[in-house]
Amino acid sequence: MGAPSVDVILIVAEHLDVQSVLRLRETNKAICQAIDGYRHSISKGRLKEFTVPPTGDALSSELFARRLLPHGSLEMVREIEIRECRIHDILTASAFVNFACPLGMGPLTTSQQANLYGLLKKALYQCNVIADIAVNSQCRPIPESSYGRINSGHFKDALLAPMLREQDPVTHPLVRPYQREYINQLSLEDVAVLFYLTKLFSLGYVQYYQGYVPQRFDAFEDCVLQHGTWFLWCFAASKPLWKVMGESIVDIGMVGLRNYRDDEGNTVPSLKRALVDRFKHLANCGTNAVGKIRLVVQHLVQETDGYKNGEWQGEIDVGTGDEEI
């Protein structure tokens with residue numbers, strides 16, 4: 001029996017994960033040639049299936065490296081597949097989220113838990129988009145060797161020269177303005193869920209860290225926004241080397257926030273600050289934004305009268321907003 005047509009091969013390949021595509025490639029010379037000739041087409045078909053399809057290059061998610069993966073390559077598609085699996089594990093198999101009774105919401109029904117899962121999944125995808133801006137902006141990329149120095153203590157030096165701080169893969173001051181620009185284009189709903197996500201995972205980190213140091217948890221929340229699932233996997237993977245990396249990332253993140261507050265070094269405001277500012281602008285509220293954010297997320301999850309079928313029903317009644325998340 002002859003090899004299947006190219007059209008059939010492509011249809012099958014576009015519905016397989018990358019590892020399966022590569023195994024299929026090894027089965028037959030004609031199949032190998034078809035896949036090699038249409039790699040970009042296969043990749044584009046797969047990318048469309050993800051929750052937030054990437055529009056540019058991506059960063060790899062290795063422990064000591066984040067390499068540039070060109071958009072449309074099979075290697076990039078494999079990276080997005082890895083992220084999707086990790087997002088599911090982070091949300092369902094770690095101690096970060098209690099879907100039955102999540103932070104600030106009380107008991108949820110099964111359908112409401114599904115709503116929350118979908119919202120948090122999309123928010124984590126958006127955190128990964130924010131991370132990938134590092135290889136899609138006009139600033140020069142971080143050297144791969146810099147990731148191997150995260151645990152060394154080099155970037156934990158608060159007095160590090162600005163030129164050397166620019167090579168810091170954690171705070172990455174040169175890319176921060178582009179990341180803030182992305183946040184300033186998000187909708188009120190997306191901003192609210194992203195902020196809620198950071199608070200939800202910060203609470204899980206409090207339990208993990210067994211203590212409360214405000215500056216440390218501020219840094220943790222900013223790292224969630226800036227590095228997405230690569231950072232959160234450090235705590236969800238249950239592997240010692242990943243956990244050491246996670247704590248080192250938070251240590252460096254604290255230095256970046258402290259330098260900004262002390263007006264030292266080449267630093268810019270936190271991404272969490274950008275979320276709050278964006279929400280205040282969209283909701284036209286000058287104060288009490290945190291409590292109002294929680295109530296917007298509550299509307300989205302519980303599908304109350306404030307939000308139905310993808311549209312706000314009349315004015316958003318978010319109360320006084322005095323409550324803290």
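Residues numbered from 1 in each chain as written. Predicted model: local features only at pLDDT ≥ 70, side-chain atom pairs only at ≥ 80, totals over all residues. Heavy atoms only, no water.

K.L.:
Got a sec to walk through the packing of helix α11 (residues 214-236) against helix α13 (residues 271-283)? Specific residues and values, please.
P.N.:
Put simply, α11 and α13 touch, their axes get as near as 8 Å, and they point 80 degrees apart. Classified by the angle between their axes, α11 and α13 sit roughly perpendicular to one another. Two secondary-structure elements touch here, α11 through Asp218, Glu221, Asp222, Leu225 and Gln226 and α13 through Leu271, Lys272 and Leu275. Looking at the contact of α11 with α13 residue by residue, the class counts come to three nonpolar, one polar and four charged. (Axes fitted to C-alpha atoms, helices over the stretch in contact; angles between N-to-C directions. Helix = DSSP H or I, 4+ residues; strand = E, 2+ residues; numbered from the N terminus. Parallel < 35°, antiparallel > 145°, perpendicular 65-115°, else oblique. Contact = heavy atoms within 4.5 Å. Nonpolar A, V, L, I, M, F, W, Y, C, P; charged D, E, K, R; others polar.)

K.L.:
How would you summarise the pattern of salt bridges if you had to cite specific residues and measurements?
P.N.:
Applying the stated criterion across every chain, the model contains 22 salt bridges. The closest approach of N and O atoms between Arg25 and Glu26, which form a salt bridge, is 2.9 Å. Its salt-bridge partner being Glu49, residue Arg46 comes within 2.6 Å of it at the nearest N-O pair. Here the residues in one salt-bridge network are Arg25, Glu26, Asp36 and Arg39, joined through shared partners. (Salt bridge = Lys/Arg side-chain N within 4 Å of Asp/Glu carboxyl O.)

K.L.:
Tell me about the packing of aromatic side chains, residues and numbers included.
P.N.:
Enumeration over the complete set of coordinates arrives at nine aromatic pairs. On the basis of an interplanar angle of 80 degrees and a centroid distance of 5.4 Å, the ring pair of Phe231 and Phe235 is categorised as edge-to-face. Here the residue Phe231 and the residue Phe235 both occupy positions in helix α11, the gap between them amounting to four residues, near one helical turn. Following the ring pairs from residue to residue traces out a cluster consisting of Tyr205, Phe217, Phe220, Phe231 and Phe235. (Phe/Tyr/Trp six-rings, centres within 6.5 Å; stacked < 30°, edge-to-face > 60°.)

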